[in-house]
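Here are the chains, one letter per residue:
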Amino acid sequence: MDTDSHRSRTVLSLCNYLHLRFRVLFRCNGTADHNLSDNRVVYIPRGIAQRSALDAAIHDIVGTLGPDVIHVRYTLGQDWTGDDAIFFRILLSDRASKRDRLLRVTQRVSDQIVRALEPVEQWGLLPYFDYRSQSEQAALKEEAWA
Amino acid sequence: MAFADELLEQAQHLANRERKEPRQASLRRAVSTAYYALFHLLISEATLNWKRVEYRDVLARVFEHGKMKSACSKKVGELNAYFKGNPQAGPELTVAQHLYKVSKAFTQAQEKRHAADYDNSRVWTRTAVMAEIESVENAFESWRAIRNESVAQAFLVSLFGGKEPGKEQ
């Protein structure tokens, strides 16, 4: 038990250290430096180290997106170049998915999320956005979008 | 019609090729083609600055997808910081908004192109593909609105992967 407790404290200290280091890097560079290829610093984005805080922040933002957005799902991972990323899957109402509104809606939604969440600056994650209409999802029934 | 415009038109064609149930092959090729439309637009604009016409195609081969993506995501970050300061309405803000659309569309399109070409587990829908193509179309319009601006030309140079002219790094 003591050993587990000690291990937890050690892991927590390490996470705090990495978090502080990570924030310092941000302050120095203005934006996240995604090209840290040396072995001196283990780079853990805040969005991964503090997942529950990220979830809470996204939850707050989703509530402000309006009726065009049915719901928002997301996954953390890496993009094709290896940068840490957050992949949003945004289910739109059928009305919002119509050709005459789609661009306006998708730009508004992604800009609103980026400005409120600051995924790169605050969480160290590059944001990517994917959209699907409600009727498309009803036909596909894909779990990741449910 | 310029090659980049032809690609964009082809992306539209592929996305709408099947009226009711679009084939995954058509949607995937549409996503990939939309990305390449923007890729070729930007590199053709950059190489136009090379005086010797016969070497422009050779110069175009120097551009790398990863470096272009890094430059664009960096530009998005810079512009987000600029917008956060609530800049006054005017030509500078308008140019920044256009450049933001171009940079953002490029990073999004490149990641999607990679998924469309290599991730067979992903299911594409017409909405996803049309959102992507419209974003690229919008980036074309934005680029044409600012292409002669100094910041737009500096942005093109940054796509090589080095320092953007006039920026301390």
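Residues numbered from 1 in each chain as written. Chains lettered and ligands numbered in written order. Predicted model: local features only at pLDDT ≥ 70, side-chain atom pairs only at ≥ 80, totals over all residues.

### Some remarks on the overall build of chain B
Per the secondary structure count, chain B includes seven helices and zero strands. Listed N to C, the secondary structure of chain B is α-α-α-α-α-α-α in terms of helices and strands. In terms of overall size, chain B behaves like a compact globule, its C-alpha atoms giving a radius of gyration of 17 Å where 169 residues would be expected to give roughly 15 Å. Along the longest, intermediate and shortest principal axes, the C-alpha atoms of chain B span 50 × 45 × 30 Å. Each of the 169 residues in chain B was classed as buried or not, and the buried ones make up 42%. Taking all contacts inside chain B whose residues are at least 6 apart in sequence as the whole, residues at least 24 apart take part in 75%. (Helix = DSSP H or I, 4+ residues; strand = E, 2+ residues; numbered from the N terminus. Rg over C-alpha atoms; globule rule 2.2 N^0.38 Å. Buried ≥ 20, exposed ≤ 12 C-beta atoms within 10 Å, placed from the backbone. Contact = placed C-beta atoms within 7 Å.)

### A look at the interface of chain B and chain A
Each partner contributes to the interface: chain B provides 19 residues, whereas chain A provides 23 residues. When the residues that make up the side of chain B that touches chain A are grouped by side-chain class, the tally is five nonpolar, ten polar and four charged. (Nonpolar A, V, L, I, M, F, W, Y, C, P; charged D, E, K, R; others polar.)

### Examining the nonpolar core
Residue and element names in this part refer to chain B. In terms of nonpolar packing, the biggest core is built from 68 residues, with A11, A30, A34, A37, L38, V129 and V136 touching the most fellow members. If one sorts the elements of this core by residue count, helix 2 (residues 24–47) sits on top with 13 residues. Here A30 is in contact with A11, L14, A15, V129 and I133, once residues within four sequence places are set aside. (Core = buried A, V, L, I, M, F, W, Y, C linked by C-beta atoms within 7 Å.)

### Some thoughts on helix 4 (residues 99–117) of chain A
Look at helix 4 of chain A: 27 Å from first C-alpha to last across 19 residues, which is about the 27 Å you get at 1.5 Å a residue. Turning to helix 4 of chain A, the residues buried within the fold contact helix 3 (51–62), strand 1 (69–78), strand 2 (84–92), helix 5 (119–123) and strand 3 (126–133) of chain A together with helix 6 (126–146) of chain B. The positive-phi residue at the C-terminal boundary of helix 4 of chain A is E118 of chain A, with phi of around 50°. (Expected span 1.5 Å × (residues − 1).)

### Some remarks on the sheet that holds strand 2 of chain A
Overall, mixed pairing links the three strands, which are arranged 1-2-3 (chain A) in an open sheet. The strands lining the two open edges of the sheet, one partner per strand, are strand 1 and strand 3 of chain A. The sheet shows a mean angle of 20° between the axes of neighbouring strands, taken without regard to direction. One ladder, built from eight bridges, connects strand 2 of chain A with strand 3 of chain A; its direction is parallel. Across the sheet, R89 of chain A pairs through a bridge with D130 of chain A, a residue of strand 3 of chain A. Helix 6 of chain B contacts strand 2 and strand 3 of chain A of the sheet and is inclined by roughly 130° relative to strand 3 of chain A. (Pairing = 2+ DSSP bridges. Axes fitted to C-alpha atoms, helices over the stretch in contact; angles between N-to-C directions.)

### Quick word on the packing of helix 5 (residues 91–118) of chain B against helix 6 of chain B
Residues and elements named next belong to chain B. At their nearest, the axes of helix 5 and helix 6 sit 8 Å apart, and the two run at 145° to each other. You can see that helix 5 and helix 6 cross each other, and the crossing is left-handed. Side by side, helix 5 and helix 6 meet where V95, H98, L99, K101, V102, A105, Q108, A109 and K112 of the first sit next to E132, S135, V136, N138, A139, S142, W143, A145 and I146 of the second. (Left-handed = near helix turned anticlockwise from the far one by under 90°.)

### Quick look at the confidence of the model for chain B
This prediction gives chain B a mean pLDDT of 95; 99% of its residues lie at or above 70. Here the predicted complex scores 0.85 on pTM and 0.93 on ipTM. (pLDDT = per-residue confidence, 0-100.)

### Considerations on unusual backbone geometry
What is expected of a backbone is that most residues other than glycine have negative phi and most peptide bonds are trans. Positive phi values are uncommon outside glycine, yet K141 of chain A reaches one of about 50°. By secondary structure assignment, the location of K141 of chain A is in the segment after helix 6 (134–140). Given 8 C-beta atoms within a 10 Å radius, K141 of chain A is considered exposed. At N86 of chain B, a position not held by glycine, the phi torsion is positive, near 45°. Its place among the elements puts N86 of chain B in the loop between helix 4 (65–84) and helix 5. Note on N86 of chain B: 7 C-beta atoms within 10 Å, which makes it exposed.

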